[in-house]
Each structure stands twice: as structure tokens, then as C-alpha cells.
Amino acid sequence: MIRIYVPRDFAARALGSDDVADAIRAEAVAKNISIQIIRNGSRGLHWL
Amino acid sequence: MSGKHTLLELHSAKPDAASIIAARYDNKPDALLEILHDLQHEVGHVPEASLPVLAKALNISRAEVHGVVTFYHDFRRKPAGRHVVKVCRAEACQSMKGEELAKAIEKSLKVKFGETTADGKVTLEAVYCLGLCSTAPAMLVDERPVGRVSPQKFETLMTELAS
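Quick notes on the rules
Residue numbers restart at each chain and count upward from 1, following the sequence in its written direction. A letter from A marks each chain and a number from 1 marks each ligand, given out in the order of writing. Confidence filtering applies because this is a predicted model: local features only for residues at pLDDT of at least 70, side-chain atom pairs given and counted only at 80 or more, and all residues used for totals across whole chains, interfaces and linings. Excluding hydrogens and water, the side-chain figures rest on all heavy atoms present in the structure. The numbering of helices and of strands both runs from the N terminus, where a helix is a DSSP run of H or I of at least 4 residues and a strand a run of E of at least 2. We call a residue buried when its accessible area falls under 20% of the maximum for its residue type, exposed when it is over 50%, and partly exposed in between, using a 1.4 Å probe and counting protein chains only. Any two residues whose heavy atoms approach within 4.5 Å are treated as being in contact. A 1.4 Å probe and the Shrake-Rupley method give the accessible areas. Residues count as covered only by the protein chains that appear here. Domain extents, as shown, originate in an automatic or database domain assignment. In short, buried area is how much 1.4 Å probe accessible area vanishes from two parts on joining, totalled over both. Counted as salt bridges are all cases of a side-chain nitrogen of Lys or Arg within 4 Å of a carboxyl oxygen of Asp or Glu. In protein, a polar contact requires one atom able to donate a hydrogen and another able to accept it; more generally it is a pair of N or O atoms within 3.5 Å, and residues adjacent in sequence count only if both atoms are side-chain atoms. Residues are grouped as follows: nonpolar covers Ala, Val, Leu, Ile, Met, Phe, Trp, Tyr, Cys and Pro; charged covers Asp, Glu, Lys and Arg; every other residue, Gly included, is treated as polar. Think of a 1 Å grid over the protein atoms and nothing else: a 1.4 Å probe that fits but is trapped marks a cavity, an open set flanked by protein within 12 Å on at least five of seven lines marks a pocket, and residues with an atom within 4 Å of a point count as lining. Grid points are joined across faces, edges and corners, and a volume is the space filled by probe spheres set on the points.

Student: It is not clear to me how the overall build of chain B should be interpreted in this structure. Could you clarify?
Tutor: When helices and strands are tallied, chain B shows 8 helices and 4 strands. Scanning chain B from its N terminus toward the C terminus, one meets helices and strands in the order α-α-α-α-α-β-α-α-β-β-β-α. Oriented by its inertia axes, the alpha-carbon framework of chain B measures out at about 50 × 30 × 25 Å. Each of the 163 residues in chain B was classed as buried or not, and the buried ones make up 43%. Considering only intrachain contacts with a sequence separation of at least 6, the fraction spanning at least 24 residues in chain B is 56%. When the accessible surface of chain B is totalled, it reaches about 9,100 Å², and 55% of it is carbon and sulfur.

Student: Looking at this structure, I do not really get the domain arrangement of chain B. What am I missing?
Tutor: It is common to give the size of an interface as the accessible area lost on bringing the parts into contact. The assigned domain composition of chain B is domain 1 (7-71) and domain 2 (83-162). Measuring from the centre of the C-alpha atoms in domain 1 of chain B to the corresponding centre in domain 2 of chain B gives 30 Å.

Student: What is the right way to read the interface of chain A and chain B from this model?
Tutor: Counting residues at the interface gives 8 residues for chain A, matched by 9 residues for chain B. Roughly 780 Å² is buried in total at the junction of chain A and chain B, and carbon and sulfur atoms are behind 64% of that figure. Contact with chain B buries area across many residues of chain A, yet A:Phe10, A:Ala14 and A:Leu15 alone supply 58% of it, more than any other trio. Our enumeration of links across chain A and chain B arrives at 0 salt bridges. In this assembly, chain A and chain B are joined by 1 residue pair in polar contact (both at pLDDT 80 or more). For the side of chain A that touches chain B, the per-class residue count stands at 6 nonpolar, 1 polar and 1 charged.

Student: So what exactly am I meant to see when it comes to the layout of surface pockets here?
Tutor: Vacant regions in the atomic arrangement are exposed by a probe of water-molecule size rolled over the atoms. All names here are of chain B. Looking at the largest pocket, its volume works out to about 490 Å³. His73, Phe75, Arg76, Gly114 and Glu125 are the residues nearest the centre of the largest pocket, which is lined by 19 residues in total. With 5 residues, strand β2 (residues 122-127) is the largest single contributor of residues to the lining of the largest pocket. In the lining of the largest pocket, the residues fall into 8 nonpolar, 4 polar and 7 charged.

Here's what the structure looks like:
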């Protein structure tokens, strides 16, 4: 099981983190890979 | 925000919606803000006709209800368009070409801030800081945050809304 952290704070969502999470989920389903997506905080990394 | 009454029920009897919601809060005057929030959530706006109804139910003056409703700009006096776009016009967004964006949006939608497009699709509103300064200029499209908005990105967002 691969664990993937995708931020879900307001600023991260403003830059499309929901779309990223959806894309990862869709790809994992398509390739039949078992993953766990954890929505966490971005710790401000969207600034970069 | 309890789900005791459906949107449809309240819509069919708009003046009644206020008294139904007030009753949920035992007609307590302290709960005026909560009542107004629920009313806007369920009816979509705070109808003029509901102000005297609330005043009577809560045993306060109409002026008092009017004062609260008009003080908080988030309370909508008229029904909104099908979508609501709230553009941040505060300092950080201004410093990131927010005002240029605001003008471009007004031109694109052919409305001024506070107005709804002729087709009833979009209501355009100004807000003053969404806490998204790090992704300025920012806006909310139907409660969804969007950062680093350019006029081009705005057009794309509007096209997505149409679909």
C-alpha cells in the first residue's frame, strides 16, 4: 500500500489540490494500484 | 441548519419560513443571527417580508432586525444568481493585480460588483480578504477557493460553470 499525502487546506485547495487528489485516485484505479490518500495540511509549501 | 424542513417546503411559503425557523430557536431574540443564517441558507436570501415576521416572533423592534440584516453584508436581500463569485479586493490581492482582474471580470460579465448577470447565471460580489493572500489574487466560486486568478483563468472558470 502506497500512502500519498495531498494537502487540503484552503490555500492548497485554491491551487487545485482537490483536482490533484482526484487525478491520483483515478490513476490508481486505472492501474489497479492499492493506495491510501491522506489529506493533510500543506505547511505553506504552496508558496513555492 | 437542521434538516427538519426541505428547501421546497420553505420556498412555497416564504413568509412562513421565518416563523418556522424562529420557532426552532424558541423565538429567542439572542438567536437572531442564527435565525437569519438559517433563513438565508434555506430560502437563499433574507426576504423583506420576513423582517416584520421575525420582529414579532422575537419581540424586538423592526428597526433592530433591519439594523442587523443591513449591518452584515453577507445577508442577501434579494435572490442571488445560480452561481456566486466573490472576488477579493483587499490589499494583498490589489498588490497582485487584483484591481485589473476585478475590472476585467466586470467587463466580462457585463455587471458591476453587487449585481447579477442578465441571464441570472452569476452574482458578482466583492469580499475583503479570504485569507488567501499567499495565492493572490484570490476568489471564491460558489464557496470553492481559487488562487492566482488571471483574467484568462477566470474565463476558464466561467466556461466550466456553464457545463
